[in-house]
Amino acid sequence: MEQEAENPSAGTRRAGDEMSDIVEVDFESYVNVELDLEENNHLAEVGHNASSLTQALLQNEDESADDDDDSGTDHFNTEKSGTQLQRCERLGGLTSSLPDTFQTSHLLFYERFKAYQDYMLGDCKPSEVKAFTADYLEKVVEPCDWLALWSIGVFDVLVEVYDLDLKDLKACVKLVLPLQCDTRGCELTEEAIVTLLEANQHRLPLQELLVVYEQSGDFDLTALALEHLRFFYTHIWRQWEEEDEDDDFDYFVRCVEPRLRLYYDILEDRVPLGLVAEYKSLLENCSQCFQKFSVLCRGLRTNSDTELDNVSMVESLKLYDQLETFKRKLHIIENPLLRYVLGYKGNASQQCVQSRGLRASGMKVVHVVTASCSTIQLQSLLSDRLLPLCSSEDTEIQFYRDPVSAVEKCHQGDVVIVLPGIYIVSSSIFLPDSITIEGFGLPDDVVIEKKNKGDSFVDSTGADVRLSNIKFIQHDAIEGIMCVRQGTLNMENCVLQCETTGVIVRTSARLTMNMCDLYGSKGAGVEIYPGSVCSLVGNGIHHCKDGILIKDFADELDVMPSITMENNVIHNNAGYGVILVKSTNGEQCDAALDPSEGGRSSLGQNRPAAAQNQCRSDLLFPEGPAGPKAVDQQQGGVPDPTNPTSNGSADVQPESAENGTGCDVASASGRKLHFIRQISRNKETSCSRAVQDLMDHQIFVSIQGNQFRRNGMGDLGTFFY
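So, a few notes on the structure that sits alongside this text. In this text, all values refer to a predicted model and were calculated from it rather than measured experimentally.

Conventions we followed
Residues numbered from 1 in each chain as written. Predicted model: local features only at pLDDT ≥ 70, side-chain atom pairs only at ≥ 80, totals over all residues. Heavy atoms only, no water. Helix = DSSP H or I, 4+ residues; strand = E, 2+ residues; numbered from the N terminus. Contact = heavy atoms within 4.5 Å. Pairing = 2+ DSSP bridges. Axes fitted to C-alpha atoms, helices over the stretch in contact; angles between N-to-C directions. Phe/Tyr/Trp six-rings, centres within 6.5 Å; stacked < 30°, edge-to-face > 60°. Buried < 20%, exposed > 50% of the residue type's maximum accessible area, 1.4 Å probe, protein only. Lys NZ or Arg CZ within 6 Å of the ring centre and 35° of its normal.

### Looking at the side chain of E438
Okay, so step 1: As for its position among the elements, E438 is in strand β14 (residues 436–439).
Okay, so step 2: Here E438 is in contact with R385, V416, I417, V418, S468 and I470, once residues within four sequence places are set aside.

See below:
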């Protein structure tokens, strides 16, 4: 039977589909492979199917490489003999007795993306990940007779693979004699390694094996497959996902792709360092919380036939609530859109440059920044600014060649005057004190341009900082061109040429921005956080993703910002002129998505109603007398947790009879778990819609005289999450 196969990257394909459908394609000609699918020859065709997959994975696409993707390790010319992968030399050099391995750790984003989407995971659910992965490995990994390094934290040992146990994602190995190993901080003998292998029944996780380099090219695909497996379980997979009851979704779309993008964003310094630290801390805390929760659950299940331990029950509910909170925070950071609209609260508390305060001598200093100046400029500077500022004897003048050096020497009350010129800076400008920085001339003549990467360009924490008559040009700043973390920043007649994000006003900070021009932000021109005070008068905000983004975290401790907007011109932004981020329930978001109301989904499709209403209470009690009764009591609906007199409520009474205590606690736990899960599911639905009544919102102290023109999605909008 002859079949023609489609391009393996043309769309999502279930990794578990029959590989007999895969045939090499080359845009100019089709190569037909005859496959005998009779039952008697089925076993003989397994090796041929693996060969077909190898051709598909390593297909050379020279003609399409320039149009679609850069060349990478998953596109090889099969006509060339030998390996297409690079050699990874041992760090020990000549002193190491171990052979080299394949270099697979530097794969590009699209290479990993294609491998997971097209071959390894497809459209599987979380509970199917292991089965899909095993099926993928069965088709691409050599079953036996290849050498690998067993590499763990303290040693590398050369072993030979003689069989695979893909059900558990392990390989059966034997030690290569004489012993060849490298150790780190320990000494190993042949007897110790043999004992260790016997303790593991000679079965090692595939993730711990590095394929030994060979020029023939026969083991390229094996090395790549183990790299994809190792990367997946190190950076993508979460141990709690296998036991998550909410399992009815495409795992690649919801989890793999956003986590993969976040990994490369972090790798390429596109995520603030504070956010990276917060993300790693959340992962660690979530893992520890899950471990504690799992131990408690196992204990409760073991004692399901006896009287329940009420203390353990309450503790397990607290841990479950905490676990869901961690997971929601992780989801916000991992999802690019939510990371943009909700931002990063924790960064406001990061360590900032300490304020220097007043000088002990009480002296005030005027810092003049110039590389060179003419006599006319110096005379004008002296008469217009220096003489009025230095009229008293307690003031002196200091000269600098760049603004960063001048700011670093400032104390409270100092003035920095920047003469015309283009000043290239490579580090962030921190403003911890109440100082004044002004350009001596028009903003287009006084330019401060940042070249190197960093979290932000200008970082203000001073109680009363003033900027005027300066043009800031941003390059490679991660967090924004200007961030007001705390205190007050007064900005007048400045030009802000953004690249990533514009001005950020953190919680409890104040911004006064008058007669400024802001443009070019790939995010919002101005991001306003809860609890901040922002006054925007006479500004131009244009050619950004969104003009002004007002954030709401739905936190009990958060208070609404106070915003004054007068006589601003907000135009030619790709999204909304002004957009408000709000937390909402599923019903409100569904209404926002109704086409009759002009709604538009911003994060994929809604979950089916049946999935949203699904209720399971067997997380703690899958079996035993408590479990079924809890399920029966839940079928009446979800009780109001704030109303102790509701029909669905059941308080835990220590004085209750033995027969009633276990069931009451079980039903209460079931309702509690369902309620938390319901909140978690509602959080996943996100949407945005244009609104007309946003100007009436109480966050605006004054809003008048503003002009909105040619904003892509509308002048005013609301984002629901």
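### Let's talk about the sheet that holds β14
Okay, so step 1: Pairing in this open sheet of 10 strands is parallel, and the strands run β10-β9-β11-β14-β17-β20-β23-β26-β29-β34 from one edge to the other. The open sheet is flanked by β10 (395–400) and β34 (700–704), the only strands paired with a single partner. Strand-to-strand twist across the sheet, computed as the mean angle between neighbouring axes with direction ignored, equals 10°.
Okay, so step 2: Bridge count for strand β29 (residues 562–566) against β34 is four bridges, and the pairing is parallel. Across the sheet, M565 pairs through a bridge with I703, a residue of β34.
Okay, so step 3: Lying over the sheet, helix α11 (residues 375–389) contacts β9 (364–369), β10, β11 (415–418) and β14, oriented at roughly 175° with respect to β11.

### Thoughts on the packing of aromatic side chains
Okay, so step 1: Counted by the stated rule, this structure contains 16 aromatic pairs.
Okay, so step 2: When the ring of Y116 is compared with that of F232, the centres are 5.9 Å apart and the planes differ by 55°; the resulting orientation is tilted. Remark: F232 occurs in helix α6 (residues 220–236) and Y116 occurs in helix α3 (residues 109–120); sequence separation between them is 116 residues.
Okay, so step 3: Residue class for F232 comes out buried when judged on its relative accessible area of 0%.
Okay, so step 4: Plain terms: the ring middles of Y233 and W237 are 6.3 Å apart, the flat faces sit at 65° to each other, and that makes the pair edge-to-face.
Okay, so step 5: A relative accessible area of 14% means that W237 is categorised as buried.
Okay, so step 6: In textbook terms, an aromatic cluster arises when at least three aromatic residues are bridged by ring pairs, as seen for F109, F113, F231, F252, Y263 and Y264.
Okay, so step 7: Across the ring face of F231, the terminal group of R112 is positioned such that the distance to the ring centre comes to 4.0 Å.
Okay, so step 8: The ring of F249 carries R254 above its face, with NZ or CZ at 3.9 Å from the centroid.

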